[in-house]
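Fold and contact review
These are the residues of each chain, in order.
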Amino acid sequence: MSVWIRLQQSLQPLESFVARHPRGLMGSLLGLLGGFAVTAFGIAPLVPGNAALPQQQVVQALGAPELEQQLEALAEHPLGLLRHDQTRSGDSVDSLLTRLGAFDASFAAFLRADPTSRQLLQGRTGKRVSLEASPEGRVQRLVARFPVGVPELAATHFNRMVIERGDDGRFASRVELGRYETQMRLASGEIRSSLFAATDEANVPDGIATQLADMFGGDIDFHRELRKGDRFSLVFESMTADGEPVAWGEGRLMAAEFVNGGRAHQAIWFQDTDTRKGGYYGFDGQSKRRSFLASPMEFSRVSSGFAMRFHPLLQSWRQHKGIDYSAPTGTPVRNVGDGVVDFAGRQNGYGNVVIVRHAGGKETLYAHLSRIDVRKGQRVDQGARIGAVGATGWATGPHLHFEFRVAGVHKDPRQLARASEAVKLPQGAFKPFLAKVDEAKTKLQVAATLDVGVTGLH
Ligand SMILES: [Zn+2]
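Here's what I pulled together on the structure shown here. What you see is a predicted model; the values in this text were computed from it and never measured.

The sheet built from three strands is open, its strands ordered E14-E20-E18 with antiparallel pairing. At either end of the open sheet lies a strand with only one pairing partner, and these are strand E14 (332-334) and strand E18 (371-372). By the bridge criterion, two bridges tie E18 to strand E20 (residues 385-388) in an arrangement that is antiparallel. Its bridge partner being in E20, Arg371 is matched across the sheet by Ala388.

Turning our attention to the sheet that holds strand E1 (residues 81-86). Read across the sheet, five strands follow the order E1-E2-E3-E4-E5 without closing on themselves; strand pairing throughout is antiparallel. Looking at strand neighbours, the two that pair on one side only are E1 and strand E5 (171-179), the edges of this open sheet. Taking the axes of each pair of neighbouring strands and ignoring which way they run, one obtains an average angle of 15° across the sheet. Here strand E3 (residues 139-147) runs beside strand E4 (residues 157-165); their pairing, made up of seven bridges, is antiparallel. Within E4, the position partnered with Arg145 by the bridge is Arg160. Across the sheet, helix H5 (residues 105-113) lies against strand E2 (128-133), E3, E4 and E5, angled at about 65° from E5, the strand it touches most.

By size, the foremost hydrophobic cluster in this structure holds 44 residues, and its most contacted members are Leu195, Leu212, Phe216, Phe222, Leu234, Leu253 and Phe258. Breaking this core down by element, the ones donating at least two residues are strand E6 (181-190), helix H8 (195-201), helix H9 (206-215), strand E7 (231-241), strand E9 (253-260), strand E10 (263-271), strand E11 (278-281) and helix H13 (430-448). A total of six residues in this core trace back to one element, the largest contributor, which is H13. Beyond its immediate sequence surroundings of up to four residues, Leu253 is in contact with Ile208, Gln211, Leu212, Met215, Leu234, Val235, Phe236, Trp269 and Tyr280. Phe292, Val374, Val380 and Leu400 belong to the second-largest nonpolar core, a separate cluster that totals 21 residues.

As a further point, take the pattern of salt bridges. Scanning the entire structure with this criterion turns up 21 salt bridges. A salt bridge links Asp242 to Arg160, with the shortest nitrogen-to-oxygen separation between them at 2.8 Å. Of this pair, Asp242 sits in the loop between E7 and strand E8 (244-245) while Arg160 sits in strand E4, and the two are 82 residues apart along the sequence. Its relative accessible area of 18% is what places Arg160 among the buried residues.

Leaving glycine out, the prevailing phi sign among residues is negative, and the prevailing peptide bond configuration is trans. Although it is not a glycine, His368 adopts a positive phi angle of roughly 70°. Relative to the helices and strands, His368 is located in strand E17 (residues 362-369). Of note in this structure, Ala407 is not a glycine but carries a positive phi near 50°. Here Ala407 shows up in the loop between strand E21 (399-406) and strand E22 (409-411). You can call Ala407 exposed: its relative accessible area is 67%.

So, about H5. Where H5 is concerned, the buried positions are Phe107, Ala108, Phe110 and Leu111. One face of H5 carries all of its buried residues, which in axial projection span an arc of 160°. In this structure, H5 carries Ala105 and Ala113 as exposed residues pointing more than 90 degrees from its buried face. In the core, the buried residues of H5 are packed alongside helix H4 (93-99), helix H6 (115-118), E2, E3, E4 and E5.

Tracing the chain through its elements places Arg112 in helix H5. Arg112 has contacts with Val93, Asp94 and Arg118, leaving out every residue within four places of it along the chain.

Positionally, His358 belongs in the loop between strand E16 (351-357) and E17. One polar contact links the side chain of His358 to the main-chain carbonyl oxygen of Gly337, over a distance of 3.0 Å. The contact partners of His358, leaving out residues within four places of it in the chain, are Phe292, Asn335, Gly337, Asp338, Gly339, Glu363 and Thr364.

Relative to the elements of secondary structure, Asn159 occurs in strand E4. Beyond its immediate sequence surroundings of up to four residues, Asn159 is in contact with Ala144, Arg145, Phe146, Pro147, Val148, Val175, Glu176 and Leu177.

Turning our attention to H9. In terms of burial, H9 is a largely internal element, seven of the ten residues being buried. In this structure, the buried side of H9 is in contact with H8, E7, E9, E10, E11 and strand E12 (286-290).

Tallied over the full model, the rule gives twelve aromatic pairs. A network of ring pairs unites the aromatic residues Phe216, Phe222, Phe232 and Phe258 as a single cluster. Lying across the ring of Tyr325, Arg224 places its NZ or CZ 5.3 Å from the centre. Between the NZ or CZ atom of Arg252 and the centre of the ring of Trp269, over which it lies, the distance is 3.6 Å.

Calculation notes
- Residues numbered from 1 in each chain as written.
- Predicted model: local features only at pLDDT ≥ 70, side-chain atom pairs only at ≥ 80, totals over all residues.
- Heavy atoms only, no water.
- Pairing = 2+ DSSP bridges.
- Helix = DSSP H or I, 4+ residues; strand = E, 2+ residues; numbered from the N terminus.
- Axes fitted to C-alpha atoms, helices over the stretch in contact; angles between N-to-C directions.
- Contact = heavy atoms within 4.5 Å.
- Core = buried A, V, L, I, M, F, W, Y, C linked by side-chain atoms within 4.5 Å.
- Buried < 20%, exposed > 50% of the residue type's maximum accessible area, 1.4 Å probe, protein only.
- Salt bridge = Lys/Arg side-chain N within 4 Å of Asp/Glu carboxyl O.
- Arc of directions from axis to C-beta.
- Polar contact = N/O pair within 3.5 Å; in protein donor to acceptor, adjacent residues only side chain to side chain.
- Phe/Tyr/Trp six-rings, centres within 6.5 Å; stacked < 30°, edge-to-face > 60°.
- Lys NZ or Arg CZ within 6 Å of the ring centre and 35° of its normal.

Now the structure itself:
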């Protein structure tokens, strides 16, 4: 059964309801419920008649009987327009209320005068605002959600500001603490132009796409090795405040499969109950953290665009003694493995160059930099920024030239990460780990059945 058919079915009662209640407010009601149905849909994947799914999985489709009930219940209330927006920098009470379609002088006056309400336009922007008003714009209720300032609570709670019109017609305001909920979400996609284009299409947040690149950072060089037709399936957490996904909080990527050039890579997030330390592990129990990263370039929306040229390498690394990464000047360059800076400065053809010495007689070299952020003799951790892409030395355009040597002999940099050892899971953690792997496999299978075009529906 196609997802479209399911969506149609879930909207049928809505249509018949509208036919029976042809009133003016139906426009807003339709908008409200239409949004709800699609949102619910985004987290309700197709489940191919499979009852063996783990419980925390969100597979609850919007059932027709409940929808009918909800619609009837809503009709009992004098429901007005419900509008959503976000506060912007430079917003005034008037500009915000204009965007929300609320033309209510007494409400505007209250917002200006009430100390609690004034917080709405103070401090950080991007607060999510929902406003309920009559079709004429008379405000009934405003709810704004935004992060908590207290660091101890920030990961678990959000602020909910509520301004309501009482029975006496006067407004009252309060700020409460709400608790975030996490939703497990599934997604899948196929690379056609870039990783971010594919994750956008699958409605996957940027933070999760970056975590995906980190997760397989020791297996795949996302700047050079991504191929058209590569596929991914993901299980990730999404933080919600009162049921709405929040833009400022970031969930965790819990499991993923990435098929790169026909080769499948899988990993899950696993937290050891004793040490409380978490990390990504392959299904075989090998840590995804390697002693070397596959790419000296941080993966980001900016740098990824340059990765996807799908053209074959014109020069072999042997003739060239290294590999090149095209990227705009200023793109951060990272150290691929723990080590000590052996050289940081200018050398003829290399321009601004950094050489890092690692254990076992290994060395990595980063050339043509526009900027150097480290000094000779400095210890540098894996992933540390050592400079930025540039075109210094003999370079025709901005790019990073990257070399790998063992005992002074040039080696293929693409073998660097793959040849490096991975850390194994502690023996005692293996049983709970395997249970997690089974769970993840089931979810990834479900995720893989998602139709890319449909999960991108919004
Ligand atoms: Zn080069």
